[in-house]
Amino acid sequence: MTEQINRSVAAAISNNVLADRLNRRIQQLAETAPELFITREDAEAVGYRAEDEKNKTQQELAEEDAETELVLAAEEV
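Residues numbered from 1 in each chain as written. Predicted model: local features only at pLDDT ≥ 70, side-chain atom pairs only at ≥ 80, totals over all residues. Heavy atoms only, no water.

## So, the overall build of the chain
Helices and strands together make up the secondary structure of the chain, namely two helices and zero strands. Dimensions of the chain, computed from C-alpha atoms along their principal axes, come out at roughly 70 × 45 × 15 Å. The 77 residues of the chain split such that 1% are buried. Put simply, the chain shows about 7100 Å² of open surface, and 55% of that area lies on carbon and sulfur atoms. On the chain, the mean spot of the 8 positive side-chain charges and the mean spot of the 18 negative ones are 18 Å from each other. (Helix = DSSP H or I, 4+ residues; strand = E, 2+ residues; numbered from the N terminus. Buried < 20%, exposed > 50% of the residue type's maximum accessible area, 1.4 Å probe, protein only. Areas by Shrake-Rupley, 256 points an atom, 1.4 Å probe, with all protein chains shown as cover. Lys, Arg positive; Asp, Glu negative; His and termini not counted. Charge placed at Lys NZ, Arg CZ, Asp CG, Glu CD.)

Shown next, in the form of structure tokens:
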């Protein structure tokens, strides 16, 4: 049991160290190559477009389902 706890603690520490390194690297990149990053507004706009695309796809699927139901209903007649 103690060994499992020790491994869990070691993993948590390791994850924290990796997260800190990653955050520092991201900060360095933001300072040295800001062109790699987009603004919050741009990110939100992309998110909205993705949501619109998702909704469009769901609508298209609903239309296809309706068409399939019509075909099946016609075959039963």
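## A short note on the pattern of salt bridges
The full count for this structure, using the stated rule, is two salt bridges. Measuring nitrogen to oxygen at the nearest pair gives 3.7 Å for the salt bridge that ties Arg7 to Glu3. Residue Arg7 and its partner Glu3 are located together in helix α1 (residues 2-32), separated by four residues, close to a single helical turn. On the basis of relative accessible area, Arg7 is assigned to the exposed category, the value being 51%. For Glu3, a relative accessible area of 55% gives the class exposed. For the salt bridge of Arg40 with Glu44, the shortest nitrogen-to-oxygen distance reads 3.4 Å. With Arg40 and Glu44 both in helix α2 (residues 40-76) and four residues apart, the pair spans about one turn of that helix. A relative accessible area of 65% means that Arg40 is categorised as exposed. Residue classification places Glu44 among the partly exposed positions, given a relative accessible area of 38%. (Salt bridge = Lys/Arg side-chain N within 4 Å of Asp/Glu carboxyl O.)

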